[in-house]
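Topology and contacts: notes
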Amino acid sequence: MTPLPPLAAASAAGAGFMAWAVRGRSSAVFAPSLWRGPRDRRALALTFDDGPSESTPAILEILARHNVPATFFQCGANVERLPAIARDVAAAGHEIGNHSHTHPYLFLRSPRAIEDDLRRAQETIEARTGARPVWFRAPYGVRWFGLRAAQRRLHLTGVMWTAIGYDWKSGPAEVVARMRARVENGAILCLHDGRELRPKPEVRVTIEALRLLVPVLLDQGYSFEKLNRLLCPKN
Ligand SMILES: [Zn+2]
């Protein structure tokens, strides 16, 4: 992740609050947002951002081998590029979330631009996969003014994460160790099956980490759920 532009003309305390408001996993300042499920069940959700990519099928294969479902936060532009892979994700029974169309920083964008980007992703995902997302994950975890109204109009709820793998800059063992240290009942784990809008992204670390992590978590007694079940247990 690249650093955000400085928050000009804010006091140190104000800047600290704004930094949390914009990027904090538990912040719902700009829009409703969840970052974990209930702690009363030994269940967790695997989520993958930035797909679909050429590597998504390798991830689907690992999930299928262990018979575990996941939620994929897809970018509309990647869905346009690889519609068949996007469809395969839905056809395999996984859930699809909205991760924007062009993966922009929402920071300092106009409410109109934010809504247009989210809407374009929503329409593209639905047209190409038949799935209409109900969850939105903000690119870079950055939320901004205007997101609340955009989410409301598109019937989306924001979802951050309990644990993020830093799988774009770590080795597989580190990713696994980080996830194991943070996993708990109701955890939402964030990994990546793509790299923003890049074609043929390098995601070998994610694939290898997933291969190691899923059996360990199953051994620990966790069940894997899509977000629509983890966050709404009556589904
Ligand atoms: Zn992303």
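Anything mentioned here points back to the structure above.
Residues numbered from 1 in each chain as written. Predicted model: local features only at pLDDT ≥ 70, side-chain atom pairs only at ≥ 80, totals over all residues. Heavy atoms only, no water.

The final tally for this structure, using the stated rule, is eight aromatic pairs. Ring geometry for Phe17 and Trp20: centres 5.8 Å apart, planes at 50°, overall tilted. Separated by three residues within a single helix, Phe17 and Trp20 lie in helix H1 (residues 12-23), roughly one turn from each other. Residue class for Phe17 comes out partly exposed when judged on its relative accessible area of 44%. Each ring, one from Phe30 and one from Phe145, has its centre 4.7 Å from the other, and the planes form 80°; the classification is edge-to-face. Of this pair, Phe30 sits in the loop between H1 and strand S1 (33-34) while Phe145 sits in the loop between strand S5 (135-136) and helix H6 (147-153); the two residues are 115 residues apart in sequence, bridging distant segments of the chain. Assessed through its relative accessible area of 47%, Phe145 is described here as partly exposed. An aromatic cluster is built from Phe30, Phe107, Trp144 and Phe145, whose rings are joined through pairwise contacts. Across from the ring centre of Trp35, 5.6 Å away, lies the NZ or CZ of Arg36, which sits over that ring. The cationic tip of Arg42 hangs over the ring face of Tyr222; the distance from NZ or CZ to the ring centre is 4.1 Å. (Phe/Tyr/Trp six-rings, centres within 6.5 Å; stacked < 30°, edge-to-face > 60°. Helix = DSSP H or I, 4+ residues; strand = E, 2+ residues; numbered from the N terminus. Buried < 20%, exposed > 50% of the residue type's maximum accessible area, 1.4 Å probe, protein only. Lys NZ or Arg CZ within 6 Å of the ring centre and 35° of its normal.)

Moving on to the pattern of salt bridges. Here the idea is simple: oppositely charged side chains can pair when their charged atoms come close. Taken as a whole and judged by the stated rule, the model has 13 salt bridges. For Arg41, the salt bridge identified is with Glu225, shortest N-O distance 2.7 Å. Residue Arg41 is located in the loop between S1 and strand S2 (43-51), and its partner Glu225 is located in the loop between strand S9 (223-224) and helix H9 (227-230); the two are separated by 184 residues in the primary sequence. Residue classification places Arg41 among the partly exposed positions, given a relative accessible area of 24%. (Salt bridge = Lys/Arg side-chain N within 4 Å of Asp/Glu carboxyl O.)

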